[in-house]
Amino acid sequence: MTLISPCLKEKNKVMPDVIKTKDIELKTIAESGLNWTVLRPPIVGSGNAAGNVVASEKDMTGSKIGVEDITDFILSALQTKEWDRKAQSWLRSKSR
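Residues numbered from 1 in each chain as written. Predicted model: local features only at pLDDT ≥ 70, side-chain atom pairs only at ≥ 80, totals over all residues. Heavy atoms only, no water.

Peer 1: Please clarify how the overall build of the protein chain should be interpreted in this entry.
Peer 2: Regarding its fold elements, the protein chain presents three helices and five strands. Element order for the protein chain, N to C, with α for helix and β for strand: α-α-β-β-β-β-α-β. Excluding contacts between residues fewer than 6 apart, the proportion of contacts in the protein chain whose partners are at least 24 apart in sequence is 61%. (Helix = DSSP H or I, 4+ residues; strand = E, 2+ residues; numbered from the N terminus. Contact = heavy atoms within 4.5 Å.)

Listed below in structure tokens is the structure:
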């Protein structure tokens with residue numbers, strides 16, 4: 001079972017062991033029987049919440065998101081089943 005996208009693996013030639021480890025991590029989580037959500041923000045910044053978060057199961061590398069927006073997204077995700085048992089949920093703040 002491979003849960004990391006081939007596109008991301010192709011890009012990560014500098015740290016291939018990190019991708020291999022993430023595959024093992026996600027496989028272990030997926031096979032645990034638990035309800036889980038993996039969020040992987042590419043760049044985390046600070047500042048006030050912008051309130052305009054986009055989440056996707058596709059690669060969204062190079063985007064920046066604030067800690068406050070991540071927190072808001074997590075609290076929102078706990079209220080629905082939309083992100084249950086999904087990995088590679090990249091987050092970014094969309095421009096207004």
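Peer 1: Sorry, what's going on with the environment of Ser-46 here?
Peer 2: With respect to the helices, strands and loops of the structure, Ser-46 is situated in the loop between β2 (43-45) and β3 (53-56). Residues Ser-46 and Gly-66, 20 residues apart in the sequence, show an inter-C-alpha distance of 4.9 Å.

Peer 1: So what exactly am I meant to see when it comes to the pattern of salt bridges here?
Peer 2: Side chains that differ in charge, positive against negative, can pair when their charged atoms come close. Under the counting rule described, the total for this entry stands at two salt bridges. Residue Lys-22 pairs with Glu-25 through a salt bridge whose shortest N-O separation is 3.0 Å. Of this pair, Lys-22 and Glu-25 both sit in helix α2 (residues 16-30), separated by three residues, roughly a single helical turn. Taking the relative accessible area as the measure of exposure, Glu-25 reaches 28% and is therefore partly exposed. When the shortest N-O distance is used, the salt bridge between Glu-31 and Lys-27 registers 3.8 Å. Here Lys-27 falls in the partly exposed class, since its relative accessible area comes to 34%. (Salt bridge = Lys/Arg side-chain N within 4 Å of Asp/Glu carboxyl O. Buried < 20%, exposed > 50% of the residue type's maximum accessible area, 1.4 Å probe, protein only.)

Peer 1: What is the right way to look at unusual backbone geometry in this model?
Peer 2: Generally, phi is negative for residues other than glycine and the peptide bonds are trans, each holding for most cases. Of note, the phi angle at Arg-85 is positive, near 55 degrees, even though the residue is not glycine. Residue placement: Arg-85 occurs in the loop between α3 (67-77) and β5 (86-93).

Scope: geometric values only; no functional claims are made or implied.
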